[in-house]
Amino acid sequence: LCRVAATPDHLLAAPPGEPVPLGCRALDVRARFPEYLARTELVLPAADGTFRVEELDRWAEPLEDQLVRLLRTRFSGVGDRAGCLLEVDVIELAPSGGGWNLIGEWSWEGGVRHRRSFSRPGNGEVSDTAAVAAYRDLLVQLTGAIGRPEASEKGERRRPPCPA
């Protein structure tokens, strides 16, 4: 994530580790955010429980585009199938209890929807710097969870499902 006039340290980077193989040549990622975050301006919580739009603090690119880029980096597109579809919805991304929370949902090929909550401890600060760091860390946590193969009932590890 990056704000105009911010340092490159605010860009999303893929979590450490090898890309997860999908068995398809291309990954189609569809990412959606709540309407209040679908803007170039940074959105911060206000003291009265609402949100305020920081007109002068802007993202270098929309959050949706950054999440799509991050997910495409996380997965390798090697295989025989033409493509796989990953749909990701950020349901909520906001401060809570002095820290920050993200609720995300995702599905592969329109199949089973997975829903997880992620948190980042904080000191109650809701500055632009704290928001950028929280958004970055929580979106990286979400990406890492999507990229992690799930254990089957037999305890085996498998890759994310992309049907033939």
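Everything here concerns the structure above.
This report concerns the structure included in the present document. Quick caveat: nothing in here was measured; it's all calculated off a predicted structure. (Residues numbered from 1 in each chain as written. Predicted model: local features only at pLDDT ≥ 70, side-chain atom pairs only at ≥ 80, totals over all residues. Heavy atoms only, no water.)

### Looking at the side chain of aspartate 89
Line of reasoning, step 1. In this fold, aspartate 89 is placed in strand β6 (residues 81-96).
Line of reasoning, step 2. What makes aspartate 89 buried here is its relative accessible area of 12%.
Line of reasoning, step 3. Separated by 2.6 Å, the side chains of aspartate 89 and arginine 32 make a polar contact.
Line of reasoning, step 4. The residues touching aspartate 89, leaving out its near neighbours within four places in the chain, are Arg32, Ile103, Gly104, Glu105 and Arg113. (Helix = DSSP H or I, 4+ residues; strand = E, 2+ residues; numbered from the N terminus. Buried < 20%, exposed > 50% of the residue type's maximum accessible area, 1.4 Å probe, protein only. Polar contact = N/O pair within 3.5 Å; in protein donor to acceptor, adjacent residues only side chain to side chain. Contact = heavy atoms within 4.5 Å.)

### Notes on unusual backbone geometry
Line of reasoning, step 1. The phi torsion at glutamate 109 lies on the positive side, around 55 degrees, for a residue other than glycine.
Line of reasoning, step 2. Structurally, glutamate 109 can be placed in the loop between β7 (99-108) and β8 (114-120).
Line of reasoning, step 3. Assessed through its relative accessible area of 33%, glutamate 109 is described here as partly exposed.

### Section: the pattern of salt bridges
Line of reasoning, step 1. Under the counting rule described, the total for this entry stands at 10 salt bridges.
Line of reasoning, step 2. Note that arginine 69 is salt-bridged to glutamate 61, the shortest N-O span being 2.4 Å.
Line of reasoning, step 3. Residue arginine 69 is classed as partly exposed on the basis of its relative accessible area of 32%.
Line of reasoning, step 4. The salt bridge partner of arginine 115 is glutamate 105, with a shortest N-O separation of 2.5 Å. You can see arginine 115 sitting in strand β8 and its partner glutamate 105 sitting in strand β7, a full 10 residues away along the chain.
Line of reasoning, step 5. On the basis of relative accessible area, glutamate 105 is assigned to the buried category, the value being 17%.
Line of reasoning, step 6. Overlapping salt bridges bring together Arg32, Asp89, Glu105, Arg113 and Arg115 as one network. (Salt bridge = Lys/Arg side-chain N within 4 Å of Asp/Glu carboxyl O.)

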